[in-house]
There are 2 protein chains.
Amino acid sequence: MNKKGVLIVISGFSGVGKGTVVKNLIEKYQYSLSVSATTRAPRSGEVDGRDYHFKTVEEFQNLIDYNGFIEWAQYVENYYGTPRKYVEDELEQGHNVILEIEVQGAMHIKEQYPDAVLIFLTAPNAETLRQRLEGRGTEDAKVIAKRLKRAYEETDDMPQYDYLVVNDDLDICVDEVHAVILAESFKTEKHKQYIKKMKEELFEIRKEILS
Amino acid sequence: MNKKGVLIVISGFSGVGKGTVVKNLIEKYQYSLSVSATTRAPRSGEVDGRDYHFKTVEEFQNLIDYNGFIEWAQYVENYYGTPRKYVEDELEQGHNVILEIEVQGAMHIKEQYPDAVLIFLTAPNAETLRQRLEGRGTEDAKVIAKRLKRAYEETDDMPQYDYLVVNDDLDICVDEVHAVILAESFKTEKHKQYIKKMKEELFEIRKEILS
């Protein structure tokens, strides 16, 4: 019916498993993943174009000036941005594009793309989230408390998302996120052209039968 | 998160395969199907309680008086209605309930149950619909033209449905309808209580870690 792709924004609490869910979504279903641009230095093992598009500050600022990002933000000293061209080309070709971004960026996306689907990934409960953060084993209590504080603050933004999906079992969660995106493409408001065409065709075919 | 079931209304053009889609949905996934009540005489092979709840006109009118239906209608000389108790009990128990009803009934449902999900099943195009109607082999051109006229009129009601799903390949269609219903249960607006609880829990856990 409608051929344009769906723009999907995935956010979620730190520790909820966003990265794994997104990775599995892309492997199991056909989604295009937007790779962010950043001015921070590549970490060991990171590949330019796969993990990030690494840019100098000058390049990045130039891209901002040329409206090259659909959203960008500065954290500490580094810039992060979502390249406009990739996203718009993919949507135009009918591909569904996933952006894994923070709450603030998500709100910017929704302003520019009202049809974007905002999904917030959450845990069954706070205790599970704490356990997952502790399970990483790399962070001390203070860091975990800081992440939980951030999560606490993010609960205020959750109502702005279209859907909440709980990541309890990974495979189920991936299928549920996929179902949400699939459903979105069936919304009647996206198929006005199809309805119009159907109406015309039905009129013609009926005339033909009766003639 | 939320335990209440989803009320699903399925309508669609005559010949589109509604009955088969609903049958497959119930077999493949766990849905409760609401069986309508009617005053028309049982046809050969029809079983009371499975195909319809067969009622006398007096019984039916009495049920109307006691608000026993969530919607009812009279076609020609017969009454048809959706029993309120079954639907509400199932929803209360967290089961998703499917109603296969006509456009007018669907609108009555939406008024009473704003959370109901209205799905309209359609064909890839009008020609396919004509072929399916002809394929039944039991109906002459005039009857088919009448059904196509009805379909033509129904296109005006399609925008009132939440979702349009094309029945091209049966298995795909069944999975798509299921995805729509699944997605509906993840809508953020249905999980205000969960968000509130998560916020409280996060606050407590963080306090505990820092103490």
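Report follows, based on the coordinates. Please read all numbers here as calculations on a predicted model, not as lab measurements.

All names here are of chain A. Here strand S1 (residues 7-12) runs beside strand S7 (residues 96-100); their pairing, made up of 4 bridges, is parallel. Bridging from a neighbouring strand, Ile10 pairs with Glu100 of S7. Pairing of strand S2 (residues 31-33) with S7 involves 3 bridges; the strand directions are parallel. Counted as the bridge partner of Leu33 is Ile98 from S7.

Next up on the list: the sheet that holds strand S4 (residues 53-54) of chain A. Residues and elements named next belong to chain A. Here 4 strands make up an open sheet; going across it, the order is S4-S3-S6-S5 and the pairing mixed. Bordering the open sheet on either side are S4 and strand S5 (69-75), each of which pairs with just one other strand. Bridge count for strand S3 (residues 37-38) against strand S6 (residues 78-83) is 2 bridges, and the pairing is antiparallel. Across the sheet, residue Thr38 finds its bridge partner in S6, namely Tyr80. Relative to the sheet, helix H2 (residues 57-65) contacts S3, S4, S5 and S6, its axis offset from that of S6 by approximately 45°.

On to the pattern of salt bridges. Opposite charge on two side chains lets them pair, provided their charged atoms get close. Tallied over the entire structure, the rule returns 36 salt bridges over all chains. Among the ionic pairs, Glu201 of chain A bridges to Lys197 of chain A, the shortest N-O distance being 3.2 Å. One end of the pair, Glu201 of chain A, and the other, Lys197 of chain A, are both in helix H8 (residues 192-210), 4 residues apart, so they sit about a helical turn from each other. Put simply, Arg130 of chain B and Glu134 of chain B hold a salt bridge, and the shortest N to O gap is 3.5 Å.

A few words now on the packing of helix H6 (residues 141-154) of chain A against helix H8 (residues 192-210) of chain B. Where H6 of chain A contacts H8 of chain B, the two axes come as close as 9 Å, and the packing angle between them is 160°. In terms of their interaxial angle, H6 of chain A and H8 of chain B are classed as roughly antiparallel. Considering how the two elements wind past one another, H6 of chain A and H8 of chain B form a crossing that is left-handed. When H6 of chain A is examined against H8 of chain B, the residues Ala141, Ile144, Ala145, Leu148, Lys149, Ala151 and Tyr152 of chain A are found in contact with a partner set consisting of Lys199, Leu202, Phe203, Ile205, Arg206, Ile209 and Leu210 of chain B. Among the residues forming the contact of H6 of chain A with H8 of chain B, the class breakdown is 11 nonpolar, no polar and 3 charged.

Residues and elements named next belong to chain A. Within the secondary structure, Val177 sits in helix H7 (residues 170-184). Residue classification places Val177 among the buried residues on the basis of a relative accessible area of 0%. With 58 residues separating them in the primary sequence, Val177 and Ile119 have C-alpha atoms 7.9 Å apart. Residue contacts for Val177: discarding those within four places in its chain leaves Ile10, Val21, Leu25, Ile119, Leu121 and Val165.

All right, on to the relation of the copies chain A and chain B then. In summary, the two copies of the chain are related to each other by a rotation about an axis coupled with a shift along it. At an RMSD of 0.0 Å, chain A and chain B line up after a rotation of 180° and a shift of 0.0 Å along the axis. A rotation of that kind, with that shift, is consistent with a two-fold axis. Taking C-alpha positions as the reference, the residue of chain A nearest the rotation axis is Ala179 of chain A, at 2.3 Å. A share of 100% of the interface residues of chain A reappears at the interface of chain B, consistent with the copies meeting face to face through the same patch.

Residues and elements named next belong to chain A. Taken together, the 5 strands give an open sheet; going across it, the order is S2-S7-S1-S8-S9, and neighbouring strands pair in parallel fashion. Two strands in the sheet have a free side with no partner beyond their single neighbour: S2 and strand S9 (163-166). Strand-to-strand twist across the sheet, computed as the mean angle between neighbouring axes with direction ignored, equals 30°. Packing against the sheet, helix H4 (residues 103-112) makes contact with S1, S7 and strand S8 (117-122), and its axis sits at approximately 155° to S1.

Let's shift gears to the packing of helix H5 (residues 126-135) of chain A against H8 of chain B. Running from N to C, H5 of chain A and H8 of chain B point in directions that differ by 45°, and their axes come no closer than 8 Å. With respect to H8 of chain B, the axis of H5 of chain A lies oblique. Here Ala126, Glu127, Leu129 and Arg130 of chain A of H5 of chain A lie close against H8 of chain B, whose contacting residues are Met198, Glu201, Leu202, Ile205, Glu208 and Ile209 of chain B. Of the residues contributing to the contact of H5 of chain A with H8 of chain B, the split by class is 6 nonpolar, no polar and 4 charged.

As a further point, take the environment of Val166 of chain B. All names here are of chain B. Following the sequence through the fold, Val166 ends up in strand S9 (residues 163-166). Judged by its relative accessible area of 16%, Val166 is buried. Spatially, the C-alpha atoms of Val166 and Thr122 are 4.8 Å apart, while their sequence positions differ by 44 residues.

Moving on: the interface of chain A and chain B. Contact with chain A, which involves 48 residues of that partner, is made by 48 residues of chain B. Three residues, Leu164, Phe186 and Leu202 of chain A, lead the burial of chain A against chain B; their summed loss comes to 14% of the area buried on that side. At the surface where chain A touches chain B, the tally comes to 4 salt bridges. The closest approach of N and O atoms between Glu208 of chain B and Arg130 of chain A, which form a salt bridge, is 2.9 Å. For the side of chain A that touches chain B, the secondary structure elements donating two or more residues are H5, H6, S9, H7 and H8 of chain A. If one sorts the elements of the side of chain A that touches chain B by residue count, H8 of chain A sits on top with 12 residues. Of the residues contributing to the side of chain A that touches chain B, the split by class is 32 nonpolar, 5 polar and 11 charged.

Criteria and cut-off values
Residues numbered from 1 in each chain as written. Chains lettered and ligands numbered in written order. Predicted model: local features only at pLDDT ≥ 70, side-chain atom pairs only at ≥ 80, totals over all residues. Heavy atoms only, no water. Pairing = 2+ DSSP bridges. Helix = DSSP H or I, 4+ residues; strand = E, 2+ residues; numbered from the N terminus. Contact = heavy atoms within 4.5 Å. Axes fitted to C-alpha atoms, helices over the stretch in contact; angles between N-to-C directions. Salt bridge = Lys/Arg side-chain N within 4 Å of Asp/Glu carboxyl O. Parallel < 35°, antiparallel > 145°, perpendicular 65-115°, else oblique. Left-handed = near helix turned anticlockwise from the far one by under 90°. Nonpolar A, V, L, I, M, F, W, Y, C, P; charged D, E, K, R; others polar. Buried < 20%, exposed > 50% of the residue type's maximum accessible area, 1.4 Å probe, protein only. Least-squares fit on C-alpha atoms with pLDDT ≥ 70 in both. Buried area = accessible area lost by both parts, 1.4 Å probe.

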